[in-house]
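Here is how the chains run, residue by residue.
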Amino acid sequence: MKLRCLLPMRSPLSSFPFALAFTFAIAGPIDAVRAADPAATLWYDQPATHWLEALPLGNGRMGGMVFGGIVGERIQFNEQTLWLGSDGTQDMGGYQPFGDLWFDLELPGGTPVPADYRRELDLDAAMARVTYTLGGVTYRREAFVSHPAGVLVVRLTASEPGRLHLRLGLTDVRATPAAPLPAGLPSGTNLAAPASAASPRALVIAGALPNHLRYAAALRVVIEGGEFSEGTEGGRVRGANAVTLLLAAATDFTRDFPRGERGPDPVATVRARLDRAAAAPYADLRRDHLADHRALYRRVRLDLGSTAASAQPTPQRLAAVKKGQTDPALSALLFHYGRYLLIASSRPGGLPANLQGLWNQDLKPAWFCGYTTNINVEMNYWPAETTGLPECHQPLLDWIEHLAAVQKRSRDPRLKTSQGWIIYSTNNPFGGNTAWAIHQPGSAWLAQHFYEHFAFGRDRRLLETRAYPLLRELALYWVDRLVPGPNGSLVTPDGWSPEHGPVKQDGKLILKEGDRTPHPGVSYDQQIVWDLFSHFLAAAAELGCDAPLRERIAAARTRLLGPQVGRWGQLQEWLEDVDSPTDQHRHVSHLFALHPGRQISPLHTPALATAARVTLNARGDLACGWSRAWKVNFWARLHDGDRAESVLRGLLEPVAPGGRNGGSYPNLLGAGPPFQIDANFGAAAGIAEMLLQSHDRDAAGRPLIHLLPALPAAWPEGSVTGLRARGGLEIDLTWRAGRPTAATLRARQGAVDATLRVGTETRPLQLAAGEQRVWP
């Protein structure tokens, strides 16, 4: 039987064409949905036909990609601990997709093409919805991944009773014979290695990966009216008024899994979660999910206004902006989307967001879907503190501490240190790596996240017990490694500017893509060591400890070779002045001192800030997604809001799945290409930097709270609530005609002694703990 529907695609559950989708029932009338906030809603007038058109859901551990099909639906799902690999060198493994939930709606023949089709992702509710009308019946779906319940929930309803007839089941992606194998596995490897045989279409799937990590997923079907039956081809529902699908997935992962430590039986874990979820009414599951998500998401709200273009579906909005139309709400949507994705992919107790956050459909994902430490995993967490999500920062801090422990006990001679620890560029959750590129300052860059977490939250216990020991051991490692450089300076002996060079040939320094030849005094290394020493000194002063070591580190920091200005006015990438003005490499690592460091400032080091501007102009704005996102942050730190907004618009350039340019895919995920989520997080952080900065200091050394330091002309009016500044401040801002009109500053984490900067004017800012101040 053939059904007329949009975007036909074949389901493994049926012999008829269907459109891919993740099922969601929307609550409320269609008109109410169409009045959705354009700064907090992605919406489309047709189903997704490609993974990069599907919409992401997540609870910090389990993720789903919703396609929004009409007759048939596919939900591709992940669980963040499903990893190949171990804790050893050259045993990186890779993040694995879990499987798919499929279902087909059985409709009478001759059904017309649907009317009023709409699918959307509501960021405020963390829900994906689909609605359309067929044969006079309106079908609605609503889906979310509940953090409190630990399950993915799909709700289907129809406007007439008894109209829901569907077939459904799960598939294990490893059971598909045509699926590609991960690198390093011999042909014919049985990836499923099932502990209990998994049907290609079943309500339960279970198995083990080649590294013996066990996994399980199960689907529970709850119907209101009608009948449900289960067979070898999955499940079948007939004549229901409403259907609720509950999907749980788990593994027996632990961080020390390669050393023999196993977590709970995943089959038992899945069963327990489903029993609890099925015992609760759908309304309760929905209510608890909304309360949990909104407790985080609603801390911050950005309003940049909207235009006629803002009312269009998301792909049309992207196309309109590329043609020059104004849609400030699209920039606000990108900001809110970045926060949404961090909430969805990084929750306390779980793993950090990887290169694709939580979402992956490939058995052999690009760059393993790992944790690359020369920009990517750090960028993932740039918005965590500034945009009010410090809890979401915790998984990264936990992973860093485990990574340190693994590197210290490693037998790899390249990782051996007398104190402290170093890492390779790309690592997995167990602490294993690719053995590609020793990244010696990588551990120092990761340590920045501990101090930043303290700087914003003022958690003294965290500083004393976690941040300070880490900063101390790395400061000792680096102070012992420095060697004499030009003019009595100190330099790192064997640096590398990530993925760029340098290499010496016939005694002459040249640049070569990807070369990792050690070289002294590379700017990237110098700047990270300066940053590390600065954070160590600030932490030791706060705790009032280690006076002799403080003196030693302070003396070494004073002698560190600082950023150098080259022959064409650029900030030098190398010790030697050999930069090419035609070099447009994607990495701009030698501007670390501008962002996320704080060694370069337009207010205090104007000559270096000018040199950074020269470098950025030479590198150009065109680049892969994460590079563009970093440049938004660079230009914001240079107080050039118009240039930052211009680069941000480049991040919104539409990229079709399979396209080769940086920008945004139809579902607004960042295009490397391929998909890398760091662009989304970096963009959100960059927008926050345009509106509020707190990294700088005044002449007396007090924190400088700078309101609207890089506001672009494209955002003449707007407001933001809940942004966070270092020192424990929370700030609301309103502006009109490009100038701030009101600000509310709250001392959330103790007393504040700082300086407030608005435009070129400064004034003292002193608040008691819990006090609120209104400006002007």
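Look up: the structure comes first, before these words.
Caption draft 1: View of the overall build of the protein. Assigned secondary structure in the protein consists of 16 helices and 38 strands. Taken over 776 residues, the protein has a buried fraction of 62%. Relative to all contacts within the protein whose residues are 6 or more apart in sequence, the contacts with residues 24 or more apart total 67%. Put simply, the protein shows about 26700 Å² of open surface, and 50% of that area lies on carbon and sulfur atoms.

Caption draft 2: Layout of empty space enclosed by the protein. Evaluation of the coordinates by the stated rule reveals eight cavities of 30 Å³ or more. In this structure, the largest cavity spans a volume of roughly 170 Å³. What lines the largest cavity is a set of 16 residues, and nearest its centre among them are Y381, W382, E452, P596 and R726. Secondary structure elements with two or more residues in the lining of the largest cavity: α7 (382-386), α9 (442-457), α14 (625-637) and α16 (678-691). Quantified by volume, the second largest cavity comes out at close to 80 Å³. Along its surface, the second largest cavity is lined by twelve residues, and W568, D579, S580, H590 and R619 are the ones closest to its centre. Tallied by class, the residues present in the lining of the second largest cavity amount to four nonpolar, four polar and four charged.

Caption draft 3: Structural context of the sheet that holds strand β36 (residues 752-758). One open sheet accounts for four strands, arranged β31-β32-β36-β37; its pairing is mixed. Single-partner strands in this sheet number two, and they are β31 (692-693) and β37 (761-767).

Caption draft 4: Looking closely at the sheet that holds strand β16 (residues 214-224). One open sheet accounts for eight strands, arranged β3-β10-β11-β12-β13-β19-β16-β15; its pairing is antiparallel. Each of the sheet's edge strands pairs with one partner strand only, and the pair in question is β3 (41-44) and β15 (204-208). Neighbouring strand axes in the sheet, compared pairwise and without regard to direction, differ in orientation by 10° on average. Of the pairings in the sheet, the one linking strand β13 (residues 151-158) to strand β19 (residues 242-251) comprises six bridges and is antiparallel in character. Paired with V153 across the two strands is L246, which belongs to β19. Those strands touched by helix α2 (residues 266-278) are β13, β15, β16 and β19, and its axis lies near 150° from that of β19.

Caption draft 5: Structural context of the side chain of T251. One can find T251 in strand β19. With a relative accessible area of 9%, T251 lands in the buried category. A polar side-chain atom of T251 sits 2.6 Å from a polar atom in the side chain of T81.

Caption draft 6: Quick peek at the environment of T741. Turning to its location among the elements, T741 is positioned in strand β35 (residues 739-747). Each C-alpha atom, one on T741 and one on E717, is 10.0 Å from the other, the two residues being 24 residues apart in sequence. Discounting residues that sit within four places of it in the chain, T741 has contacts with T734, W735, R736, W775 and P776.

Caption draft 7: Highlighting the packing of helix α10 (residues 460-481) against helix α12 (residues 547-559). Taken N-terminus to C-terminus, the directions of α10 and α12 make an angle of 50°; their axes are 11 Å apart at the nearest point. With respect to each other, α10 and α12 are oriented oblique. Here α10 and α12 pass one another in a crossing that is left-handed. Where α10 abuts α12, its residues R472, A475, L476, V479 and D480 lie against L549, R552, I553 and A556. Taken together, the residues of the contact of α10 with α12 break down into six nonpolar, no polar and three charged.

Caption draft 8: Expanded view of helix α15 (residues 641-651). Within α15, the full set of buried residues consists of G641, A644, E645, V647, L648, G650 and L651. On its buried face, α15 is in contact with α5 (328-345), α14, β29 (663-664) and α16.

Cut-offs applied
Residues numbered from 1 in each chain as written. Predicted model: local features only at pLDDT ≥ 70, side-chain atom pairs only at ≥ 80, totals over all residues. Heavy atoms only, no water. Helix = DSSP H or I, 4+ residues; strand = E, 2+ residues; numbered from the N terminus. Buried < 20%, exposed > 50% of the residue type's maximum accessible area, 1.4 Å probe, protein only. Contact = heavy atoms within 4.5 Å. Areas by Shrake-Rupley, 256 points an atom, 1.4 Å probe, with all protein chains shown as cover. 1 Å grid on protein atoms, 1.4 Å probe; cavity = no way out; pocket = protein on both sides within 12 Å on 5 of 7 lines; lining within 4 Å. Points joined across faces, edges and corners; volume = space filled by probe spheres on them. Nonpolar A, V, L, I, M, F, W, Y, C, P; charged D, E, K, R; others polar. Pairing = 2+ DSSP bridges. Axes fitted to C-alpha atoms, helices over the stretch in contact; angles between N-to-C directions. Polar contact = N/O pair within 3.5 Å; in protein donor to acceptor, adjacent residues only side chain to side chain. Parallel < 35°, antiparallel > 145°, perpendicular 65-115°, else oblique. Left-handed = near helix turned anticlockwise from the far one by under 90°.

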